[in-house]
Amino acid sequence: MRTVGIFVVLIAAVLFAFILEGGRLRLATEILYLGLFAVSFNFLFNYMGLLSFGHNATYGVAAYAFAIVAARIPGMPVYAIGVIAVAASALIGFLGSLLFVRLKGGYFALMTMAFCQLLFFCALKFYGLTRGEDGLMVLVQTPELPFVPEGALSNDQSIYLVTLVAVIVCCAALQWFLLTPIGRATILVKANEERARFLGYNVPAIKVVVMTLSATVAGVAGTLFALFQGLVSPGVFSFAPVGDVIFMALLGGTSSLFAPFAGAVGFILLEDTLAGITSHWRLIIALLSIVLVLYLPGGLYSIYLWISRRTGKPGVEVKPLDARKEA
Amino acid sequence: MSGSTILLVQSLHGLVYGFVLFLISSGLAVTMGILRITNVAHGSFYMMGAYAAVLMAAWQLGFWAALLVAPAILFAVGGVLERTLLSEHRSHFHQLLLTFCLFFIVNELVLLGFGAAALPVSTPSVLQGSIELPGFTYPVYRLFVLAVAILVSALLLVVISRTKMGAIVRAVVADPGMAEAVGINTGMTRFAAFGVGAALAGFAGVIASPIYQADPTMAATSLLNMFIVVILGGFGSLAGPLIISLLLGQLQAFGIMYIPNYFIILQLAVFIGILVIRPQGLLGEAQ
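Numbers given to residues run from 1 along each chain, matching the order in which its sequence is written. The naming scheme follows written order: chains are lettered A onward, ligands numbered 1 onward. Where totals are concerned, whole chains, interfaces and linings use all residues; where local detail is concerned, this predicted model gives features only for residues with pLDDT of at least 70, and gives and counts side-chain atom pairs only at 80 or more. For side-chain calculations, the full set of non-hydrogen atoms in the structure is used, while hydrogens and water are omitted.

1. Considerations on the confidence of the model for chain B
Residues and elements named next belong to chain B.
Argument step 1. pLDDT measures the predictor's confidence residue by residue and takes values from 0 up to 100. The predicted model of chain B has a mean per-residue pLDDT of 84, with 96% of residues at 70 or higher.
Argument step 2. Per-element averaging of pLDDT across chain B places strand E1 (residues 130–133) at the bottom with 78 and helix H2 (residues 42–58) at the top with 89.
Argument step 3. Here the prediction assigns the complex a pTM of 0.86, and the interface score ipTM is 0.84. What counts as a helix is a DSSP run of H or I of at least four residues, what counts as a strand is a run of E of at least two, and both are numbered from the N terminus.

So, in structure tokens, the structure goes:
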């Protein structure tokens, strides 16, 4: 049943490239990479108990790396640039995780925030590399897909399909990771760090692996963002993207790895509607976030769980954090 | 002006900024000590103070009214927020997320109400002009801010370390469970501490606004500075944050003079570096 469901979703996602037109297809692309970004946030939050207020750090690093390499090395294939950008984010994520591996709770949230602000000011001040506030244009050729004749797909369709493939690969990788021994150990560390240490697990090493993985997936999302938007500015390191990503994770539900995709759908639809009414739509997003935390902490996923319990088909649930222990 | 007087003026600027920073951070130090939460919205209280000064000036009520009204309102706002959103019954993560949302809400409200440009606040007429000091002149208002900030800081230090009220606060910081057991109303203490913290930030916002203007990014920019102060200085005590504030004030004043572009990057890098080596802060005790 589950496998059938996944197949239906995947086929529908591919078909969207041919059903949806122009603006809507672009919204679908945004949903995909923002959803992936939110999943990477939730991966760290739900499976490691780490709340990152600077989760856009590697997202932005990848986006900037993508734009800088594209500008500096003309003629480089777009996929190679993408790989370099993701590698850059993985490296920064790894270094960051080495720095922050001992921190938890509020300290971790704060230090990631400070780290991201550091990158914000670097992007602003190292004008030669980043062009400061003006931002960088991303000058790359639209990626071509294998087995597809040239010119058969529009730009938007190609970018959508490339995004879709990258998102599927990342999600599969995260799901697979959780089934490996180190993935199981991750869940143990979150549930009871002391016992994990007592049983002989190398807790800091596990944390470094999980943080780096989460940062790298955020980097993939950032690369896709740069490819899609065509412009990268210091705003990627501001508080707004991380506020958005937290909203998506909360709306979708943090107790399931992939529920943030539902949050991304909700976020994009809200943004699309609200931005036409007011330029201060983030106010409504922030108010809604408060409502979610107070009255629906499990997000949309908890509604799904409630319905499936009523109909006698229980869904899969990873127990939400007993967060008070973290204090 | 000779070289050494420039240094002296710069150092005085740093001293004023250091004390203002201490006023803002002292509230955060107490609330972080008591509530054990990282209040990301504390910078927003400071910003609300500055915009209260703008609003009062626009309503022709004047600066002094703002200096009285803003802290009173922020005391109520802070206390009520604590009891409703941030009480001890909520999980740590929820408190963090809620303060983060509050930060966004205040930011957007300020942008909505006042626009994105920084707004000047005029110095109250009594304190305009400069005073002649040996070798240089210095704005009267900055000296006034310095005097008031020193006074309030001294008062705060005395209250926290010498009075029964301070002893209660310190007891709740040290061991909330034990404090409750000996009959201290911890809920009330949390309410009052959070309210006073917000009021102090608002007070600092009003009094600093003629110098630093009211600016919609000030919540974000002040936030990191006050966290640097509180985390490096350690919470619970106020001597630590005071030392760090004054140090940061001097570093800021001279850093902006010598490396204007890269000072903030250096400052954040040093902050992260120190905390990586000493997670308990410079003056905090190891857990």
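2. A look at helix H10 (residues 203–229) of chain A
Residue and element names in this part refer to chain A.
Argument step 1. When the terminal C-alpha atoms of H10 are compared, their 38 Å separation across 27 residues agrees well with the 39 Å that a helix rising 1.5 Å per residue should span.
Argument step 2. With 22 of 27 residues buried, H10 is to be regarded as a mostly interior element.
Argument step 3. Gly230 lies just past H10 and shows a positive phi near 75°. For a helix, the expected span equals 1.5 Å multiplied by the residue count minus one. Relative accessibility under 20% of the residue-type maximum defines a buried residue, over 50% an exposed one, and the middle range a partly exposed one, all with a 1.4 Å probe and only protein chains included.

3. Details of the interface of chain A and chain B
It is common to give the size of an interface as the accessible area lost on bringing the parts into contact.
Argument step 1. In what follows, residue pairs with any heavy atoms lying within 4.5 Å of each other are defined as contacts. In this complex, chain A contributes 44 residues to the contact, which on the side of chain B involves 41 residues.
Argument step 2. Both faces combined, the contact of chain A with chain B buries some 4,000 Å², and carbon together with sulfur accounts for 84% of it.
Argument step 3. Between Lys or Arg on one side and Asp or Glu on the other, a salt bridge is scored when a side-chain nitrogen of the former is within 4 Å of a carboxyl oxygen of the latter. The interface formed by chain A and chain B holds zero salt bridges in total.
Argument step 4. If you list the elements that add at least two residues to the side of chain A that touches chain B, you get helix H4 (78–100), helix H5 (105–125), helix H11 (239–252) and helix H13 (281–295) of chain A.
Argument step 5. The biggest single contributor to the side of chain A that touches chain B is H5(A), with 14 residues. As a working definition, buried area equals the accessible area (1.4 Å probe) given up by two parts on being put together, with both sides summed.

4. Points about the packing of aromatic side chains
Centre-to-centre distance and the angle between the planes together describe a pair of aromatic rings.
Argument step 1. Aromatic rings from Phe, Tyr and Trp, with only the six-membered ring used for Trp, were paired whenever their centres fell within 6.5 Å, and each pair was classed as stacked if the ring planes differed by under 30 degrees, edge-to-face if by over 60, and tilted otherwise. Enumeration over the complete set of coordinates arrives at 29 aromatic pairs over all chains.
Argument step 2. Where A:Phe41 meets A:Phe45, the ring centres are 5.9 Å apart and the plane angle is 15°; that geometry is what we call stacked. On the criterion of helical spacing, the pair formed by A:Phe41 and A:Phe45 is a turn pair, its members being four residues apart in helix H2 (residues 22–48).
Argument step 3. Centroid distance B:Phe63 to B:Trp64: 5.3 Å. Interplanar angle 85°. Geometry classified as edge-to-face.
Argument step 4. The class for B:Trp64 is partly exposed, based on a relative accessible area of 39%.
Argument step 5. Here the aromatic cluster, defined as three or more aromatic residues joined through ring pairs, consists of A:Tyr33, A:Phe37, A:Tyr59, A:Phe225 and A:Phe228.

5. So, the side chain of A:Gln117
Argument step 1. Here A:Gln117 is to be found in helix H5.
Argument step 2. The residues contacting A:Gln117, other than those within four sequence positions of it, are A:Phe237, A:Phe239, B:Leu224 and B:Leu268.

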